[in-house]
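# Architecture at a glance
One-letter residues, chain by chain:
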Amino acid sequence: MACIHIQGGYCLDGEIFVQGAKNAALPIMAAAVLNRGVTRLYRCPKIRDVEHMIRILENLGVKTRWEEDGLTLDAADIKTAAISALDAGTMRSSIILLGALLGRGQEVTMPYPGGCTIGARPIDWHIEALKKMNVQIDSKEEGLHCRTKGIIGTDMTLPYPSVGVTENVILAAVLAEGVTVVRGAAKEPEIADLCAFLNVAGAKIRGAGTDSICIEGVNSLHDTEYHIMPDRIAAGTYMAAAAAAGGSIVLRGIGIEPVQAVADVLAESGCGLIIYEESIKIIAPSLLLSVRNIETQPYPGFPTDMQSQMMACMCSAYGDCCMTEHIFENRYKAVPELVKMGADIRIEGRSAWIHGPCRMKGCHVLAKDLRGGAALVIAGLTADGETIIHGAMHIDRGYTDICGDLRQLGARIRRSMNDKYDIEG
């Protein structure tokens with residue numbers, strides 16, 4: 001198991017190119033099975049979750065190939081629509097294959113998906129939405145068995161703007177009979193990117209990026225090439241890191257719109273921001289100020305995937321900050337590790353109170369989930385002495401090379417493979 005070593009106390013300076021978006025790449029890879037041919041994806045991030053998705057697709061019969069500038073997926077010959085328990089257990093995002101495989105064929109068997117344990121994230125909404133599209137679903141102890149005589153378009157209103165449910169309905173509806181209208185849909189940029197990809201491949205989708213999406217079923221999709229959007233969460237992570245550690249950095253390959261909510265919080269904390277069409281410069285203040293209230297909300301609100309990283313950033317800020325998590329009920333797993341490093345954080349229900357600035361000290365800590373692990377990296381950049389983060393495989397699920405990126409910005413950070421940390425300790 002890998003671990004990350006950080007020598008804290010160094011400001012960040014320089015520029016990096018933002019990787020492709022994890023949360024866009026995975027549903028687009030799932031969408032590739034709807035095309036009985038070849039899909040080529042540029043800017044697809046080489047992260048652990050993408051590798052897990054590749055393994056799942058290959059076991060279904062998809063041929064995959066990495067090349068220097070992209071990932072090629074050939075879904076001409078799907079041999080099975082059964083996903084193994086081992087494959088499904090590696091990542092929560094495997095659930096989006098449900099809609100794609102039902103759109104491609106008429107029967108799917110899959111265990112309940114795995115991934116980070118940051119909340120209940122029930123799949124009931126997925127099931128109810130697909131049932132409205134003429135899908136019979138049997139929920140058993142070992143997983144789901146789904147079958148249909150043909151997906152039929154319908155008009156539905158989601159009980160909550162769930163990203164995953166919105167994606168599953170879109171993927172199921174692309175090759176369906178008739179028109180599907182999804183009201184109360186998620187508006188995240190990754191949804192818009194999925195729809196843009198599908199439209200390039202021959203789908204007929206309107207309203208992406210709004211809360212009402214209309215999908216007119218088509219007979220087939222065709223081979224296509226597509227550039228995946230930049231990763232707004234990776235960008236936000238590096239913005240928070242620069243604010244906490246000090247200095248100034250430039251992020252290339254991303255505009256301000258997808259990270260506006262993060263930029264607003266950092267501007268309120270005293271950071272300077274210079275906005276260009278395809279790059280952002282963030283300049284840390286001499287004294288970072290706490291933002292009184294930060295609440296996670298569906299897009300365009302403050303993203304839940306940035307909550308842990310911003311909490312670590314606020315540990316370096318002067319004053320009190322209250323962070324409230326409205327999306328997932330179990331997303332404070334990094335707090336005990338941050339407290340171990342010297343953070344003054346108290347949890348009250350869904351809220352976390354941070355009293356800063358905290359004198360952070362390097363020590364051994366354990367990453368328990370993806371974004372919590374990124375928060376520990378930020379804390380390590382600000383800590384006195386050496387921080388050793390164990391369980392780096394969680395961080396690898398979402399960042400192509402967090403150590404390499406931060407080294408390029410001047411951080412003293414490296415990874416090693418001799419991790420013998422007692423996870424239960």
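Conventions we followed
Counting restarts for each chain, with residues numbered from 1 along the sequence as it is written. It should be noted that, the model being predicted, local features are given only for residues of pLDDT at least 70 and side-chain atom pairs only at 80 or more, the latter also being counted only at that level, while totals for whole chains, interfaces and linings use all residues. Only hydrogens and water are removed before side-chain values are computed, so all heavy atoms of the structure are retained for them. When DSSP finds two or more bridges between a pair of strands, those strands are recorded as paired. Note on conventions: DSSP H or I runs of at least 4 residues are helices, E runs of at least 2 residues are strands, and numbering of each starts at the N terminus. Here, axes are lines fitted to C-alpha atoms. For helices the fit covers the stretch in contact, and angles between N-to-C directions go from 0 to 180 degrees. Whether two residues are in contact is decided by their heavy atoms: any pair within 4.5 Å suffices. Any angle that falls under 35 degrees is termed roughly parallel, while one over 145 is termed roughly antiparallel, one within 65 to 115 roughly perpendicular, and all others oblique. By definition, any crossing whose near helix is turned counterclockwise from its far helix by less than a right angle is left-handed, and any crossing with a clockwise turn is right-handed. For this scheme, ten residues count as nonpolar: Ala, Val, Leu, Ile, Met, Phe, Trp, Tyr, Cys and Pro. Four count as charged, namely Asp, Glu, Lys and Arg, and the remainder, Gly too, count as polar. The nonpolar core is taken to be a set of buried Ala, Val, Leu, Ile, Met, Phe, Trp, Tyr and Cys residues, with the residues joined through side-chain atoms within 4.5 Å. Buried means the residue's accessible area, taken with a 1.4 Å probe over protein chains only, is under 20% of the maximum for its type, while exposed means over 50%, and partly exposed covers the values in between. Any pair of nitrogen or oxygen atoms within 3.5 Å is treated as a polar contact; in protein, a donor-acceptor pairing is required on top of that, and neighbouring residues in sequence qualify only through side-chain atoms on both sides. Any pair of Phe, Tyr and Trp rings, taking the six-membered ring for Trp, is counted once the centres come within 6.5 Å. Such a pair is stacked with planes under 30 degrees apart, edge-to-face with planes over 60 apart, and tilted for the rest. Cation placement over rings: the criterion is NZ of Lys or CZ of Arg within 6 Å of the ring centroid and within 35° of the ring normal. In a helix, the anticipated span is given by 1.5 Å times the number of residues less one. Just to be clear on terms, a salt bridge is a Lys or Arg side-chain nitrogen sitting within 4 Å of an Asp or Glu carboxyl oxygen.

Turning next to the sheet that holds strand β17 (residues 293-295). Backbone-to-backbone hydrogen bonds pair the strands of a sheet. The strands run either parallel or antiparallel. The four strands lie next to each other as β17-β18-β20-β19, forming an open sheet whose pairing is mixed. Every interior strand has two partners, whereas the edge strands, β17 and β19 (345-348), have only one. The average undirected angle you get between the axes of adjacent strands in this sheet is 20°. For β19 and strand β20 (residues 351-356), the ladder comprises four bridges, and the chain directions are antiparallel. Opposite I347, over in β20, you have A352 as the bridge partner. Across the face of the sheet, helix α10 (residues 307-314) comes into contact with β17, β18 (319-324), β19 and β20 while running at roughly 170° to β18.

Across the interface, helix α8 (residues 232-245) lies against helix α12 (residues 370-382) with an axial gap of 9 Å and an inter-helix angle of 25°. The pairing of α8 with α12 is recorded here as roughly parallel in orientation. The interaxial crossing formed by α8 with α12 has right-handed handedness. Of α12, the residues touching α8 (which contributes I233, T237, A240, A241, A244 and A245) are R371, A374, I378, L381 and T382. Residues that form the contact of α8 with α12 fall into these classes: eight nonpolar, two polar and one charged.

Assignment of secondary structure puts A267 in helix α9 (residues 260-268). In the structure, A267 is positioned 258 residues away from G9 in sequence and 22 Å away in space, judged by C-alpha atoms.

Once that is clear, we can look at the nonpolar core. Core analysis: the biggest nonpolar cluster contains 76 residues, and L12, M310, L338 and L406 have the highest contact counts within it. Among the elements that make up this core, the one with the highest residue count is α8 (eleven residues). The contacts of L338, once residues within four sequence positions are left out, are M311, A312, A343, I345, M360, A375, L376 and A379. The next biggest cluster of nonpolar side chains, apart from the first, holds 74 residues, and it includes I28, I151, L171 and A203.

The next subject is the side chain of S351. With respect to the element layout, S351 can be found in strand β20. Separated by 2.9 Å, the side chains of S351 and T324 make a polar contact. In this structure S351 touches C322, M323, T324, Y332 and R346, once residues within four positions along its chain are discounted.

What the rule picks out here adds up to three aromatic pairs. Seen in terms of ring centroids, W125 and Y160 are 5.8 Å apart; in terms of plane orientation they differ by 25°. Their pairing is stacked. In this pair, W125 is assigned in helix α5 (residues 124-131) and Y160 in the loop between β9 (155-157) and α6 (163-173), connecting sequence segments 35 residues apart. Lying across the ring of W66, K46 places its NZ or CZ 5.0 Å from the centre. Between the NZ or CZ atom of R412 and the centre of the ring of Y10, over which it lies, the distance is 3.9 Å.

With four of five residues buried, strand β1 (residues 3-7) lies mostly within the body of the structure. As judged from the five bridges shared by β1 and strand β23 (residues 412-416), these two strands associate in the antiparallel manner. Pairing of C3 across the sheet is with S416, part of β23. Two strands pair when backbone bridges link them, and β1 and strand β22 (residues 386-390) are joined in this way by five bridges, in the antiparallel orientation. Bridging from a neighbouring strand, C3 pairs with H390 of β22.

Let's shift gears to the packing of α10 against α12. For the pair α10 and α12, interaxial distance at closest approach is 7 Å and the crossing angle is 20°. When the interaxial angle is binned, α10 and α12 end up roughly parallel. When the axes of α10 and α12 are compared, the crossing they make is right-handed. Each of S308, Q309, A312 and C313 in α10 lies in contact with α12, whose residues at this interface are R371, G372, A374, A375, I378 and A379. When grouped by side-chain class, the residues that make up the contact of α10 with α12 number six nonpolar, three polar and one charged.

Moving on, we get to α6. The buried fraction of α6 is high, at ten of eleven residues. Burial in α6 covers these residues: G164, V165, T166, E167, N168, V169, I170, L171, A172 and A173. Taking the backbone nitrogen of G164 as reference, a side-chain oxygen 3.5 Å away marks S162 as the first, capping residue of α6.

Moving on, we come to α8. With 14 residues, α8 extends 20 Å between its outermost C-alpha atoms, agreeing within 8% with the 20 Å of an ideal straight helix rising 1.5 Å per residue. Of all 14 residues that make up α8, 14 are buried, and the element is covered over most of its length. Put simply, D231 is the residue that caps the front of α8, since its side-chain oxygen is 2.9 Å from the backbone nitrogen of I233. Of the residues flanking the end of α8, it is G246, one or two places downstream, whose phi is positive at about 95°.

The next thing to look at is the sheet that holds strand β16 (residues 279-283). Spatial strand order, β2-β14-β16-β15: four strands in an open sheet with mixed pairing. Whereas interior strands pair on both sides, the edge strands pair on one side only; in this sheet they are β2 (12-17) and β15 (272-275). Strand-to-strand, the axes of this sheet are offset by a mean angle of 10°, without reference to chain direction.

Once that is clear, we can look at the pattern of salt bridges. By the definition in use, this model includes 17 salt bridges. Here E348 makes a salt bridge to R346, at a shortest N to O gap of 2.8 Å. Judged by its relative accessible area of 43%, E348 falls in the partly exposed class. For R346, a relative accessible area of 45% gives the class partly exposed. For R415, the salt bridge is made with D396, and the minimal N-O distance between the two is 2.9 Å. Separated by 19 residues along the polypeptide, R415 in strand β23 and D396 in the loop between α13 (392-395) and α14 (402-408) bring together distant segments of the chain. The exposure class assigned to D396 is buried, which follows from its relative accessible area of 15%.

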